[in-house]
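Examining the three-dimensional arrangement
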Amino acid sequence: MPGAAIEALLILQNRDTRRVDLEAQLRAVPTDIALVERDIGEEKGAIEAARTGLRELESRKKLLETEIGSAEQTLAKYRTQQLSLRKNDEYQAMGHEIETVQGQIGEMEGRELEIMFSIDLAKKKFAAAEAVLKQNISGHEARIRMLRERGENLAAELKAAQAEVAAARGPAADGWLRAYDRMAARGLPAVVPIRGSKCGGCHLKVSSEAESAARGKGSPGELARCDQCARILYWDN
Ligand SMILES: [Zn+2]
């Protein structure tokens, strides 16, 4: 059994470990919330992209319709003009013009059909993106609420854990507490058992002096330290 001085440090270390763990969990909460918010943002982004795509196609269609309209006006004008032409070669030349415009209209109508087909696809894409968000949003929101609640609970637990740490520091001997704090600042555990003549922290063999200090056979009040990693050692066999 470790002595009372080590016992006090082990209690402190136990509470410090819990405090550090709670701090890490609390730190993770905003990151987790940000991840959910990113998902929501991505789903909204997909809707926006689909909406923009749809608008672009619709304005292309409108433009094309205007072009077709004016080509049809030209066509009607040419046909009227053709009726007043008496010379055969002039009549034929106008006929050629009419064919050209007809060809242009046919080509534009073909493009319009393609755009209408793309509009149908874009509408489906838009509806699908909206459905995804609609389906997920309540889950996303519930997760954010849950994470916020978790954050509040963790903060309360951390406050209690900090009070417990402060209470555990009281009984610890001054010199040992300073050694503990220096080691703990590098990362826990700061106090480790010797097992099979090896340090429970770095797992390297400890010197016989360190081992006998840990057994309480050194000078009174002597703190046993690992020769390799300087962690505080105690005898636990
Ligand atoms: Zn060590």
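Residues numbered from 1 in each chain as written. Predicted model: local features only at pLDDT ≥ 70, side-chain atom pairs only at ≥ 80, totals over all residues. Heavy atoms only, no water.

Moving on: the overall build of the protein chain. Counting secondary structure elements, the protein chain contains 4 helices and 3 strands. Expressed as lengths along the three principal axes of its C-alpha atoms, the size of the protein chain is roughly 130 × 35 × 25 Å. For the protein chain, the proportion of its 237 residues judged to be buried stands at 31%. For the protein chain, the proportion of contacts with a sequence separation of at least 24, taken over those separated by at least 6, is 72%. For the protein chain, the accessible surface area stands at approximately 15000 Å², while carbon and sulfur atoms represent 53% of it. Once the 36 positive and 37 negative side-chain charges of the protein chain are each reduced to a mean point, those two points are 6 Å apart. (Helix = DSSP H or I, 4+ residues; strand = E, 2+ residues; numbered from the N terminus. Buried < 20%, exposed > 50% of the residue type's maximum accessible area, 1.4 Å probe, protein only. Contact = heavy atoms within 4.5 Å. Areas by Shrake-Rupley, 256 points an atom, 1.4 Å probe, with all protein chains shown as cover. Lys, Arg positive; Asp, Glu negative; His and termini not counted. Charge placed at Lys NZ, Arg CZ, Asp CG, Glu CD.)

Here we come to the sheet that holds strand S3 (residues 232–235). Pairing within the open sheet is mixed, and its 3 strands lie in the order S2-S1-S3. At either margin of the open sheet sits one strand with a lone partner, and together these are strand S2 (198–199) and S3. In this structure, strand S1 (residues 191–195) lies alongside S3, joined through 4 bridges in parallel fashion. Paired with Val191 across the strands is Ile232, a residue of S3. On the sheet, helix H1 (residues 4–84) packs against S1 and S3 and is oriented at approximately 120° with respect to S3. (Pairing = 2+ DSSP bridges. Axes fitted to C-alpha atoms, helices over the stretch in contact; angles between N-to-C directions.)

Three- or four-residue spacings in an α-helix give side chains the same orientation, since the helix completes a turn every 3.6 residues. Between the first and last C-alpha of helix H2 (residues 88–169) there are 114 Å, a value that for 82 residues agrees with the 122 Å anticipated at 1.5 Å per step. Residue Asn136 marks the point of greatest curvature in H2, where the axis turns by about 40°. (Expected span 1.5 Å × (residues − 1). Bend = angle between axes of the 7 residues up to and from the residue.)

So, about the packing of H1 against helix H3 (residues 174–186). Here H1 crosses H3 at 35°, and the two axes come no closer than 11 Å. Once H1 is placed against H3, the crossing between them reads as right-handed. In contact with Ala5, Ile6, Leu9, Leu12, Gln13 and Asp16 of H1, H3 contributes Trp176, Leu177 and Tyr180. Residues of the contact of H1 with H3, tallied by class, amount to 7 nonpolar, 1 polar and 1 charged. (Left-handed = near helix turned anticlockwise from the far one by under 90°. Nonpolar A, V, L, I, M, F, W, Y, C, P; charged D, E, K, R; others polar.)

This part covers the environment of Ala190. In this fold, Ala190 is placed in the loop between H3 and S1. The exposure class assigned to Ala190 is buried, which follows from its relative accessible area of 0%. The sequence separation of Ala190 and Leu233 amounts to 43 residues, and the corresponding C-alpha distance is 8.6 Å. Beyond its immediate chain neighbours, meaning those up to four positions away, Ala190 contacts Gln13, Tyr180, Met183, Ala184, Arg231 and Ile232.

Before going further, it helps to spend a moment on the side chain of Gln13. Take Gln13: it is sitting in helix H1. Discounting chain neighbours no more than four positions away, the residues touching Gln13 are Tyr180, Leu188, Pro189, Ala190 and Val191.

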